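# Residue-level structure breakdown
What follows is the residue order along each chain.
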Amino acid sequence: MNHNTHESRKVADVLQCTFKIPDFQRRYRWTPDHIIQLLEDINQFSLESDERSVYYLQPLVVRKGEDSYIVIDGQQRLTTITMIIDELNKRYTEDFQLPYEKIQSIRSSTIDDWHKNQGSKAIRTWMGEHKDNLNRFEQALLYQTCFIWHELDETEDQIQAFLRLNAGKIPFTREDRIKALFLRSFDASPQVETYQNQIIYEWVVMENALQDEKLWGFLHPEVSYENRVGLLFDITTYPDTTSVYEFFKEKLINLPKEEYPATVLSRLKECWSPVKETFDQIMSWYSNATYYHYIGYLVATSGKERSTLKELLSEVQKRPTDEFLLFLKDQIKNKLNISAKALRADDVYDAQKRALRPTFLLFNVESIVKSGNADERFDFSKYHDDQWDVEHIRSQADFNDELDEALAKSLAPSVVEYFGDTPKDEEEERLYAAARSVRGKESQGDPILEAFMTILKEDQFKTLFDQIPLKHGLGNLALLNAGINRGYKDAFFAFKRKKILEESKKGVFVPLCTRLVFQKAYSTRPKNLIEWTAQDAEDYREHLIKTIEEFLQQER
């Protein structure tokens, strides 16, 4: 059959056929909005038309195979129609369900299943809202809705047809086009077909591996990818080209027939082998705790993640393993670019603001590397999912010489919450009772508020709010999730400690070193857990500097 001729086929007839989705096809990507629009269009048609009217769907382009039709174009709409039939069938017993052939695909993925599940939910909800017209809708769908059926001639290259038919369609990604180039029919040898099958297998393995959020967070590309294997194409170096697709196209399209099959096989390997090598190198880094943390740090602090990965992939080819590790450390040192003297300054919070977040991130990373615990890993995926503040351990509000009325009112809720569910001695009970009474009071001169302020100033509780050295020094700073920080940043230390540990128990990501700070794990003589003292701050600062000293600049 000439592919320029066409006919119309009712949905009921089309669904009696067996279809296969070839691997070069794009994944199923219709959103619930796309599906609802199709349902609404057919439903409106069913309400307004008579039995002789026809509703035409866009073309379904196929080529006849041995035992099925190969879908060249239209699989998104065809798949959606079968999903609608699935939901309609749930209204009937098995004997009365609408017969149709399932669409076969040589691939299956979690992403495809997720999109289909979302689509099925949308169809189910829509049908629940249109129960009164479902019978008429079903008849219109099966017997008045038609595909425009194109059947390609057996001599036409199906991938070339696929590329031509899909030119300019937004859902057709660069990765789809690249896959089509690799899997086009070369009319070559069994060795070529075997290698193409290897490409299919390795492509699926790599895409599935990159769906692991921990691996993806480690790589953290600055752009999103519908097909994550696309990152590999962007960070793999190819000669004399700025476009990977154009390089592949030049190598794999219009090869002279006389060069088959040897040239075809060598060209495929020339294009595919570097991608596989990039993936293997990334997985090698990911499996090694030291490389994972150092490369993850460089990527996280670069701002140009793909360029950083590409540079590292180039550098690793030039050096033995031990030299590459030294190279990574030098890169970190140059990026951090700060000395121990600068970190010990009392005003480091203001003087070195831009360097502090990378410093605390490195402190977390290097603490895990030095621990030698292969099971402990910094979770870059969760780190990238959040915003981060360099937080005062003991809040700035704690340092007021005179406690004013507004500050007392703001502190009362945290005092109540901190002491509310713990045993209290007589003095703590006084503070708790006063804080509970003043919470929410707004009138000035309130006697309970005055009593609360008096209690706060008494010696028994002055350590909660007393001044300490290093107010803006390194020993009073930590890396904290912005949401947690801004939620209770003016609370006193003990309250912060309690809330941060509670959030950590709930599964909220709190970096290891931040948790240890609020547990006073770095303090040589932790007297109590109520206050953060000058000694605590100094112990913590010196432990941090010693941990990362290998990466600090020499003092001049």
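Analysis parameters
- Residues numbered from 1 in each chain as written.
- Predicted model: local features only at pLDDT ≥ 70, side-chain atom pairs only at ≥ 80, totals over all residues.
- Heavy atoms only, no water.
- Helix = DSSP H or I, 4+ residues; strand = E, 2+ residues; numbered from the N terminus.
- Buried < 20%, exposed > 50% of the residue type's maximum accessible area, 1.4 Å probe, protein only.
- Contact = heavy atoms within 4.5 Å.
- Areas by Shrake-Rupley, 256 points an atom, 1.4 Å probe, with all protein chains shown as cover.
- Polar contact = N/O pair within 3.5 Å; in protein donor to acceptor, adjacent residues only side chain to side chain.
- Expected span 1.5 Å × (residues − 1).
- Salt bridge = Lys/Arg side-chain N within 4 Å of Asp/Glu carboxyl O.
- Phe/Tyr/Trp six-rings, centres within 6.5 Å; stacked < 30°, edge-to-face > 60°.
- Lys NZ or Arg CZ within 6 Å of the ring centre and 35° of its normal.
- Pairing = 2+ DSSP bridges.
- Axes fitted to C-alpha atoms, helices over the stretch in contact; angles between N-to-C directions.
- Parallel < 35°, antiparallel > 145°, perpendicular 65-115°, else oblique.
- Left-handed = near helix turned anticlockwise from the far one by under 90°.
- Nonpolar A, V, L, I, M, F, W, Y, C, P; charged D, E, K, R; others polar.

## Let's talk about the overall build of the protein chain
Each helix and strand in the protein chain was counted, giving 26 helices and eight strands. Out of the 556 residues in the protein chain, the part that is buried amounts to 52%. Pairs at least 24 apart in sequence give 77% of the contacts found in the protein chain among residues at least 6 apart. Element-wise, carbon and sulfur atoms account for 46% of the exposed surface of the protein chain, whose accessible area totals about 27200 Å².

## Focus: the side chain of threonine 145
Along the chain, the position of threonine 145 falls in strand S6 (residues 145-151). Judged by relative accessible area, which is 0%, threonine 145 ranks as buried. Of the polar contacts made by the side chain of threonine 145, one reaches the backbone oxygen of alanine 140; its length is 2.8 Å.

## Some thoughts on the environment of leucine 15
Relative to the assigned elements, leucine 15 resides in the loop between helix H1 (11-14) and strand S2 (19-21). In this structure the C-alpha to C-alpha distance between leucine 15 and leucine 142, which are 127 residues apart in sequence, comes to 9.2 Å.

## As for helix H26 (residues 534-548)
Helix length check: H26 (15 residues) gives 22 Å between terminal C-alpha atoms against 21 Å at 1.5 Å per residue, within 8%. Contact partners of the buried residues in H26: helix H15 (321-336), helix H16 (340-344), helix H18 (353-371), strand S8 (477-481) and helix H25 (512-518).

## What to know about the pattern of salt bridges
For the structure shown, the criterion picks out 19 salt bridges. Arginine 306 is paired through a salt bridge with glutamate 222; the nearest N and O atoms lie 3.4 Å apart. Within this pair, whereas arginine 306 is found in helix H14 (residues 305-316), its partner glutamate 222 is found in the loop between helix H9 (213-219) and helix H10 (230-235), the two being separated by 84 residues in sequence. Here arginine 541 and glutamate 542 are joined by a salt bridge, their closest N and O atoms 2.8 Å apart. Judged by its relative accessible area of 27%, glutamate 542 falls in the partly exposed class. Here the salt bridges do not stand alone but share partners, grouping Arg174, Glu175, Glu222, Asp234 and Arg306 into one network.

## Digging into the packing of aromatic side chains
According to the stated counting rule, one finds 31 aromatic pairs in the structure shown. Relative to phenylalanine 247, the ring of tyrosine 238 lies with its centre 4.8 Å away and its plane at 40°, an arrangement referred to as tilted. Take tyrosine 238 and phenylalanine 247: they sit in the same class, and that class is buried. Summarising the aromatic geometry, the rings of phenylalanine 324 and phenylalanine 327 are spaced 6.1 Å apart at their centres and angled 25° between planes, so their arrangement reads as stacked. Placement of the pair is phenylalanine 324 and phenylalanine 327 together in helix H15, with a separation of three residues, close to one helical turn. Aromatic rings pair up to connect Phe218, Tyr286, Tyr292, Phe378, Phe380, Tyr383, Trp388 and Phe509 into one cluster. Its end group placed over the ring of tyrosine 69, lysine 64 keeps NZ or CZ at 5.2 Å from the ring centre. Over the face of the ring belonging to tyrosine 286 we find arginine 377, whose NZ or CZ atom lies 5.3 Å from the ring centre.

## Notes on helix H24 (residues 493-505)
Over its 13 residues, H24 extends 18 Å from the first C-alpha to the last, a length consistent with the 18 Å expected when each residue adds 1.5 Å. A large share of H24 lies buried, amounting to ten of its 13 residues. One or two positions beyond H24, positive phi appears at glycine 507, with a value near 100°.

## Regarding the pairing of strand S4 (residues 69-73)
Of all five residues that make up S4, five are buried, and the element is covered over most of its length. Where S2 lies against S4, two bridges are found, and the strand directions are parallel. The partner of lysine 20 across the bridge, within S4, is isoleucine 70. Looking at chain direction, strand S3 (residues 55-64) and S4 are connected through four bridges and run antiparallel. For lysine 64, the partnering residue across the bridge sits in S4 and is tyrosine 69. Counting the residues in the hairpin turn of S3 and S4 gives four residues.

## Notes on unusual backbone geometry
The phi angle at histidine 220 is positive, at roughly 40°, despite the residue not being glycine. Locating histidine 220 in the fold gives a position in the loop between H9 and H10. Accessibility expressed as a relative area gives 23% for histidine 220, which makes it partly exposed. Phi at lysine 520 is positive, roughly 60°, even though this residue is not glycine. Structurally, lysine 520 can be placed in the loop between H25 and H26.

## Topic: the pairing of S8
S8 sits mainly inside the fold: five of its five residues count as buried. Neither face of S8 is left uncovered, since the one carrying Leu477, Leu479 and Asn481 and the one carrying Ala478 and Leu480 both have all their residues buried. Of the pairings in the sheet, the one linking strand S7 (residues 388-392) to S8 comprises five bridges and is antiparallel in character. Looking at the pairing, glutamate 391 lines up with alanine 478 of S8.

## Structural notes on the packing of helix H7 (residues 174-183) against helix H11 (residues 244-252)
Two elements in contact, H7 and H11, have axes whose closest approach is 10 Å; the angle formed by their N-to-C orientations is 15°. Classified by the interaxial angle, the pair formed by H7 and H11 is roughly parallel. The handedness of the crossing between H7 and H11 is left-handed. Every residue of H11 that contacts H7 at Arg174, Arg177, Ile178, Leu181 and Phe182 is listed here: Tyr245, Phe248, Lys249 and Leu252. Across the contact of H7 with H11, the residue classes tally to six nonpolar, no polar and three charged.

## Description of the environment of tryptophan 272
The residue tryptophan 272 is located in helix H12 (residues 262-287) in this model. Here the alpha-carbon distance between tryptophan 272 and glutamine 196, two residues 76 residues apart in the chain, equals 9.9 Å. The residues contacting tryptophan 272, other than those within four sequence positions of it, are Phe182, Tyr195, Ile199, Glu202, Trp203, Met206 and Phe233.

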